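Examination of the molecular architecture
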2 protein chains.
Amino acid sequence: MATIRDVAKLAGVSVATVSRVLNNQGYVHEDTRKKVERAIHELNYKPNAVARSLYKKTSKSIGLIIPDITNPFFPQLVRAVEETMNRSGYTVLLFNSDEVLKRERHIIDLMVTKYVDGIIIVSNTIKYEHLQHLTIPIVALDRVISQEIPSVSVNNYEGARKAVRLLKEKGCKKIAHLRGPENVFTAEERLRGYLDEMSSQEMESIIYVGNYELKTSMVETMRLLTEHPDIDGIFAGNDVMAVGAIKAITKLGIHIPNELKIIGFDGIELGTVITPELSTMKQPIVQLGKKSSELLLHYINGQEKGLRHYVYQAELVERDST
Amino acid sequence: MATIRDVAKLAGVSVATVSRVLNNQGYVHEDTRKKVERAIHELNYKPNAVARSLYKKTSKSIGLIIPDITNPFFPQLVRAVEETMNRSGYTVLLFNSDEVLKRERHIIDLMVTKYVDGIIIVSNTIKYEHLQHLTIPIVALDRVISQEIPSVSVNNYEGARKAVRLLKEKGCKKIAHLRGPENVFTAEERLRGYLDEMSSQEMESIIYVGNYELKTSMVETMRLLTEHPDIDGIFAGNDVMAVGAIKAITKLGIHIPNELKIIGFDGIELGTVITPELSTMKQPIVQLGKKSSELLLHYINGQEKGLRHYVYQAELVERDST
DNA sequence: GTGAAAGCGCTAACAT
DNA sequence: ATGTTAGCGCTTTCAC
């Protein structure tokens, strides 16, 4: 690998001059620049990012921590972040944490050690106290961690209310909620929305606990339907669980949406794949990724000083399950 | 951020000694080690990975280039790679290339510049000529790029034959193939398998072209079924297309598997989500990721010198669509 | 067993 | 407009 020295030697100038043309700053004579550029080209020289990082204490890369890329909600989010970051010349270091605090902390340490310029994190487990010692900017994505950490998220509470409201409008009299895991921010908010919307009309709430994934959801839906055969509406905590519920319901020979209506939350592609296609509260996933990236970039560049919290609205997408 | 100097000063030793205890090599007196460790702890010192990289010309990280994380085949693969790598102390830098050669080359340059210790790449577009100048090890994953690049892949040809054979055994008389995109290695191999299996019994082959994704697959399936209403078996080039086909077929009111049987390829989770559940040729996705990582690690450590090509077999998983 | 010092490849004062 | 040099934080000879 050619170094800046090799280029300098070949071009017959000093390394400082080469550095100047590389970074396009300071005065350098047109002829000299040409010479240097020719040398760079000839040697196929690429500046060493590591050396540069060491000096500048910045790496042109950011860390992205998510629970699990295998969860169909995240691939799109990750791509949106990557795209935005790449466009600004940043590389993204992706890590799956499985929401294990110990791993999250380890990942963060590792990132700091690698001079990442900022971190975007999706997590329920991590708290402000684990983050406050950091000197690089951080933004919480999809979930808000605390008031002190800037965030980009969706109004889960309102979205949930809208979802339940749709079920009611469609004539459902007994609406159950298949909630997401306990202590998970989004799940709690959606539950709260369901509860408030139900109690506002003195409807009895029926709650079963899922884990944001398919299998448990099927099992719980089965249980729900045997214990409450008169249910005519289900608000699932996310699309994956809704899909699980649809599978279970279909297996039971109950017709959707005639006998039972169901709505999910997230708006992932999976919902359009199953039959009947799933009605859902669609999150602006790409926007979430993009906005969080831009926000982080602004903090990195010092263009933003305040503590911003962006909240998007989930949008009702009605398909065939309601 | 504390540096090695701070630790040295606090412990009352030289930086060399600190480095020795950090790397656990060379002689250092037990008492000295204790002192140093105490200082490290007290300052919450973490060695600077960038400085270390600069000296050692290695970064304890590898690059992973995939077409698109949004394609449901990849998340699992990525996790398997990440897991294996992390376990060996390596970080993975993930990039989506969209199979655009220019981006792939850019990504590779970037990685080299960051001192990645090796690269795992999933690509059809890149060729040996674009890789031969690299001095770091590289392994091709899922597709073989050339004989000169070590690879870990699946026998798509054999898998395809098995798939078609199943359809025949189940009594299908007219079997169509919904193939993947042209010039994509896996798609070509699967097509070849289909063709050979058909001609071995002098069955007429009927081929429609999809793009490994849902929408096109639905459209093409519709066309296929209007132009050839007597089709009784479909071998789809991958699971995503198979799911698209199922949607189209169901919409047409044709019963699966009674009137028409269908089998996919890949074994992604999506296949178990739809109704009827999809029969498929399951790839050992996790193993692919794991093996490619281990192989790369072996090259990095110099434990492996030869050009290895590992080929796994796809496994028939029969569910409800056949 | 420990320390001094060179050097990894680059950038940015500071000179000239 | 260009060159010299210190230094980013670390590892590794080479002395002692």
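Reference entry: report on the structure contained in this document. (Residues numbered from 1 in each chain as written. Chains lettered and ligands numbered in written order. Predicted model: local features only at pLDDT ≥ 70, side-chain atom pairs only at ≥ 80, totals over all residues. Heavy atoms only, no water.)

1. Regarding the packing of helix 5 (residues 74-87) of chain B against helix 13 (residues 285-300) of chain B
Residue and element names in this part refer to chain B. Two numbers describe how helix 5 lies on helix 13: the axes approach to 8 Å, and their chain directions differ by 40 degrees. One way to sum up the angle between helix 5 and helix 13 is to call them oblique. In the crossing of helix 5 with helix 13, the sense of the turn from one axis to the other is right-handed. The residues of helix 13 that touch helix 5, namely those facing Gln 76, Leu 77, Ala 80, Val 81, Thr 84 and Met 85, are Ile 285, Val 286, Leu 288, Gly 289, Lys 290, Ser 292, Ser 293, Glu 294, Leu 296 and Leu 297. (Axes fitted to C-alpha atoms, helices over the stretch in contact; angles between N-to-C directions. Helix = DSSP H or I, 4+ residues; strand = E, 2+ residues; numbered from the N terminus. Parallel < 35°, antiparallel > 145°, perpendicular 65-115°, else oblique. Left-handed = near helix turned anticlockwise from the far one by under 90°. Contact = heavy atoms within 4.5 Å.)

2. Some words on the sheet that holds strand 7 (residues 206-209) of chain A
Consider a sheet: its strands pair through backbone hydrogen bonds, and that pairing is either parallel or antiparallel. Residue and element names in this part refer to chain A. Spatially, the 6 strands line up as an open sheet ordered 7-6-8-9-10-12, and their pairing is mixed. Of all the strands in the sheet, the pair left with one neighbour each is strand 7 and strand 12 (315-317). Looking at each pair of strands side by side, their axes are set apart by 20 degrees on average, direction ignored. Sheet topology places strand 9 (residues 261-266) next to strand 10 (residues 279-282); 4 bridges connect them, and they run parallel. Following the sheet pairing, Gly 264 is matched in strand 10 by Thr 280. (Pairing = 2+ DSSP bridges.)

3. Brief notes about the environment of A:Asp142
All names here are of chain A. Positionally, Asp 142 belongs in strand 4 (residues 138-142). Residue class for Asp 142 comes out buried when judged on its relative accessible area of 4%. Each C-alpha atom, one on Asp 142 and one on Leu 288, is 7.4 Å from the other, the two residues being 146 residues apart in sequence. When near neighbours in sequence (up to four residues on either side) are disregarded, Asp 142 contacts Phe 73, Val 122, Val 152, Ser 153, Thr 186 and Gln 283. Among the polar contacts listed, one links the side chain of Asp 142 to the side chain of Arg 143, at a separation of 2.8 Å. (Buried < 20%, exposed > 50% of the residue type's maximum accessible area, 1.4 Å probe, protein only. Polar contact = N/O pair within 3.5 Å; in protein donor to acceptor, adjacent residues only side chain to side chain.)

4. Description of the protein's contact with DNA strand C
Close contacts around DNA strand C come from 27 residues, with A:Ile4, A:Tyr45, B:Arg20, B:Thr32 and B:Lys57 the closest. Between DNA strand C and B:Thr17, the relevant distance is 2.6 Å, taken from a phosphate oxygen to a side-chain nitrogen or oxygen of the residue. Contact distances for DNA strand C include 2.4 Å between a base oxygen and a side-chain N or O atom of B:Arg20. Those elements giving two or more residues to the surface near DNA strand C turn out to be helix 2 (15-23) and helix 4 (49-56) of chain A together with helix 2 (15-23) and helix 4 (49-56) of chain B. Counted by class, the surface near DNA strand C contains 13 nonpolar, 9 polar and 5 charged residues. (Near = heavy atom within 4 Å. Nonpolar A, V, L, I, M, F, W, Y, C, P; charged D, E, K, R; others polar.)

5. Examining the environment of B:Lys170
All names here are of chain B. Structurally, Lys 170 is set in the loop between helix 8 (156-169) and strand 6 (175-179). Between the C-alpha atoms of Lys 170 and Thr 322, which are 152 residues apart in sequence, the distance is 7.4 Å. For Lys 170, the contacting residues outside a window of four places in its chain are Lys 261, Glu 318 and Thr 322. Reaching out from Lys 170, the side chain makes a polar contact with the side chain of Glu 318 at a distance of 2.7 Å.

6. Remarks on the pairing of strand 8 (residues 233-236) of chain B
All names here are of chain B. Side chains Gly 233 and Phe 235 of strand 8 all project onto a buried face; the interleaved residues Ile 234 and Ala 236 project onto the opposite face, where all are buried too. Note: strand 6 against strand 8, 4 bridges, orientation parallel. Across the sheet, Leu 178 pairs through a bridge with Ala 236, a residue of strand 8. Crossover strand 8 to strand 9 (residues 261-266) through helix 11 (residues 239-251) is right-handed. (Right-handed = clockwise from strand over helix to strand, strands pointing away.)

7. Digging into the interface of chain A and chain B
Taken together, the contact pairs 43 residues of chain A with 43 residues of chain B. Summing both partners gives a buried area of about 3800 Å² for chain A against chain B, and 55% of it is carried by carbon and sulfur. Of all residues in chain A, the largest losses of buried area upon contact with chain B belong to A:Val50, A:Arg79 and A:Val273, amounting jointly to 17% of the total for that side. Taken together, the links from chain A to chain B amount to 7 salt bridges. Inspection of the chain A/chain B interface yields 18 residue pairs in polar contact (both at pLDDT 80 or more). Among the secondary structure elements, those contributing two or more residues to the side of chain A that touches chain B are helix 4, helix 5 (74-87), strand 2 (91-96), helix 6 (101-113), helix 11 (239-251) and helix 12 (270-273) of chain A. Counted by class, the side of chain A that touches chain B contains 21 nonpolar, 11 polar and 11 charged residues. (Buried area = accessible area lost by both parts, 1.4 Å probe. Salt bridge = Lys/Arg side-chain N within 4 Å of Asp/Glu carboxyl O.)

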